[in-house]
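Geometric and topological summary
The residues making up each chain are set out below.
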Amino acid sequence: MTHSVNAPAEIRIEEWLADASRAASVETEIGMLAEVLHAVVHAGAGVSFVTPFSIDDARAFWVDTVLAPVRAGTRRVVVARRDERIVGTVQLDLDTPPNQQHRAAVAKLLVHPAARRRGIGRALMIALEKIARAEGRTLLTLDTVSGGNAESLYRSLDYITVGVIPRYARSSLTPELEGTTIMYKELL
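Everything in this summary refers to the structure shown in the same document. Per chain, residue numbering runs from 1 following the sequence as it is written. Residues qualify for local features only when their pLDDT is at least 70, as the model is predicted, and side-chain atom pairs are given and counted only at 80 or more; totals for whole chains, interfaces and linings, by contrast, use all residues. Side-chain numbers here rest on the full set of heavy atoms in the structure, without hydrogens or water.

Right, let's talk about the pairing of strand β6 (residues 139-145) for a bit. Where strand β5 (residues 103-111) and β6 come together, three bridges link them in parallel fashion. When the sheet's bridge partners are listed, arginine 103 is paired in β6 with leucine 139. The handedness of a crossover follows from its direction of travel: if, with the strands pointing away from the viewer, the path from the first strand over the helix to the second runs clockwise, the crossover is right-handed. Each helix is a run of DSSP H or I of at least 4 residues and each strand a run of E of at least 2, with the numbering of both proceeding from the N terminus. Following the chain from β5 across helix α3 (residues 120-134) to the adjacent parallel β6, one finds a crossover that is right-handed. Pairing between strands is defined by DSSP: at least two bridges between them are needed.

If you want it as structure tokens, here you go:
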């Protein structure tokens, strides 16, 4: 599924399909996704990992944590490609309890540091919201490092701040603890 959302002309936004029939491509794409994750962690992004963080650690995240839920249909992954190279990604976690099938969680909005400030994060989020709507999800939730660039992006996309939890998680590059901002958006 390719989405033409307000992405730069050289960027293609599409859902990542990881079915077994594409095994060779999936293997290559996991390598690219690992490169993006590795780069953002080493650039200081607060996305659950801390340095030292190897490319093998990044690859293990995609293989051990993301691949099975994508194949099961409980997680959807959107990617941004420049030519055939993946330069950004975001995830929609649909694995919710029976009484919460109206909501989903946004996770791991990642844009390679060399590709930032080009509207890729915004385009990924717009595509993710379209998928959420198609899945019948009317409430999206997320958390993000307080005061970071992602928080500003989410606010510009009409996400509402619920609150801030101080000293929530360690920074990826230092032992300092950072606050996290909890946000939501109703897709009405």
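The periodicity of an α-helix, 3.6 residues per turn, causes residues three or four positions apart to be oriented the same way. One less than the residue count of a helix, multiplied by 1.5 Å, gives the span that helix is expected to have. Relative to the 28 Å expected for 20 residues at 1.5 Å per residue, helix α1 (residues 23-42) spans 29 Å between its end C-alpha atoms, a close match to the ideal helical length. Per-residue accessibility, obtained with a 1.4 Å probe over protein chains only, is compared with the maximum for each type, and a residue is labelled buried under 20%, exposed over 50%, and partly exposed between these values. Along α1, the residues classified as buried are Val26, Glu29, Ile30, Gly31, Met32, Leu33, Ala34, Val36, Leu37, Ala39, Val40 and Val41. Positive phi appears at glycine 44, one or two residues downstream of α1, with a value of about 100°.

So, on to the pattern of salt bridges. Whenever a carboxyl oxygen of Asp or Glu lies within 4 Å of a side-chain nitrogen of Lys or Arg, that contact is scored as a salt bridge. Summed over all chains, the structure comprises 11 salt bridges. Of the charged contacts in the structure, one is a salt bridge between arginine 12 and glutamate 14, with a shortest N-O distance of 3.0 Å. Given a relative accessible area of 28%, arginine 12 falls into the partly exposed group. A salt bridge links glutamate 151 to arginine 155; the shortest N-O distance between them is 2.7 Å. Of this pair, glutamate 151 and arginine 155 both sit in helix α4 (residues 149-156), four residues apart, roughly one helical turn. Given a relative accessible area of 6%, glutamate 151 falls into the buried group. Taken together, the salt bridges that share partners define one network made up of Arg12, Glu14, Arg22, Glu29, Arg81 and Glu84.

What follows deals with the packing of α1 against helix α2 (residues 55-72). Angles run from 0 to 180 degrees between N-to-C directions of axes, and those axes are lines fitted to C-alpha atoms, restricted for helices to the stretch in contact. Contact geometry of α1 with α2 gives a least axis separation of 8 Å together with a crossing angle of 125°. Relative to α2, the element α1 lies oblique. In the crossing of α1 with α2, the sense of the turn from one axis to the other is right-handed. In this structure, α1 contributes Val26, Glu27, Ile30, Gly31, Leu33, Ala34, Glu35, Leu37 and His38 to the contact, and α2 contributes Ile55, Ala58, Arg59, Phe61, Trp62, Val63, Leu67 and Arg71. Each residue receives one of three labels: charged for Asp, Glu, Lys and Arg, nonpolar for Ala, Val, Leu, Ile, Met, Phe, Trp, Tyr, Cys and Pro, and polar for the others, Gly being one of them. Its residues placed into classes, the contact of α1 with α2 shows 11 nonpolar, two polar and four charged. Angular relationships are summarised with four words: roughly parallel below 35 degrees, roughly antiparallel beyond 145, roughly perpendicular across 65 to 115, and oblique for the angles in between. Here is the rule for handedness: rotate from the far helix to the near one, and if that takes an anticlockwise turn smaller than a right angle the crossing is left-handed, while a clockwise turn gives right-handed. Contacts were defined at the residue level, with two residues in contact if any of their heavy atoms lie within 4.5 Å.

With that settled, the discussion passes to α4. Among the residues making up α4, those that are buried are Glu151, Leu153 and Tyr154. One side of α4 carries all its buried residues, which in axial view fall inside an arc of 160°. Tucked inside the fold, the buried residues of α4 contact β5, α3, β6 and β8 (177-186). Just past α4, the residue aspartate 158 takes up positive phi, approximately 75°. To be clear, the arc concerns the directions from the helix axis to the C-beta atoms.

Okay, the layout of surface pockets next. Over the atoms, a rolling probe the size of a water molecule traces out where space has been left empty. Only protein atoms enter the 1 Å grid used here, on which a cavity is any set of points holding a 1.4 Å probe that cannot leave and a pocket is any open set flanked by protein within 12 Å on both sides along at least five of seven lines; residues with an atom within 4 Å of a point are listed as lining. Grid points are joined across faces, edges and corners, and a volume is the space filled by probe spheres set on the points. Considered as a void within the structure, the largest pocket measures approximately 1,100 Å³ in volume. Considering the residues around the largest pocket, the lining is formed by 40 residues, among which Val47, Leu109, Thr144, Ala150 and Tyr154 are closest to the centre. Mapped by element, the contributors of at least two residues to the lining of the largest pocket are β5, α3, β6, α4, β7 (160-170) and β8. Looking at the lining of the largest pocket, its residues break down into 20 nonpolar, 11 polar and nine charged.

Our next topic: the nonpolar core. In globular proteins that are soluble, nonpolar side chains generally tend to be buried together. Of all hydrophobic cores here, the largest spans 29 residues; its most connected members are Leu124, Met125, Leu140 and Tyr159. Counting only elements with at least two residues in this core, the list comes to β2 (11-15), β3 (75-82), β4 (85-93), β5, α3, β6 and α4. When residues in this core are grouped by element, the largest group, eight residues, is from α3. Non-local contacts of leucine 140, meaning those with residues more than four positions away in its chain, are made with Leu92, Ala104, Val106, Leu128, Glu129, Ala132, Tyr159, Met183, Tyr184, Lys185 and Leu187. To qualify as a nonpolar core, a set must consist of buried Ala, Val, Leu, Ile, Met, Phe, Trp, Tyr and Cys residues joined through side-chain atoms within 4.5 Å. By size, the runner-up hydrophobic cluster in this structure holds 25 residues, among which are Val26, Leu33, Leu37 and Leu110.

Just geometry here; none of it tells us what the structure is for.
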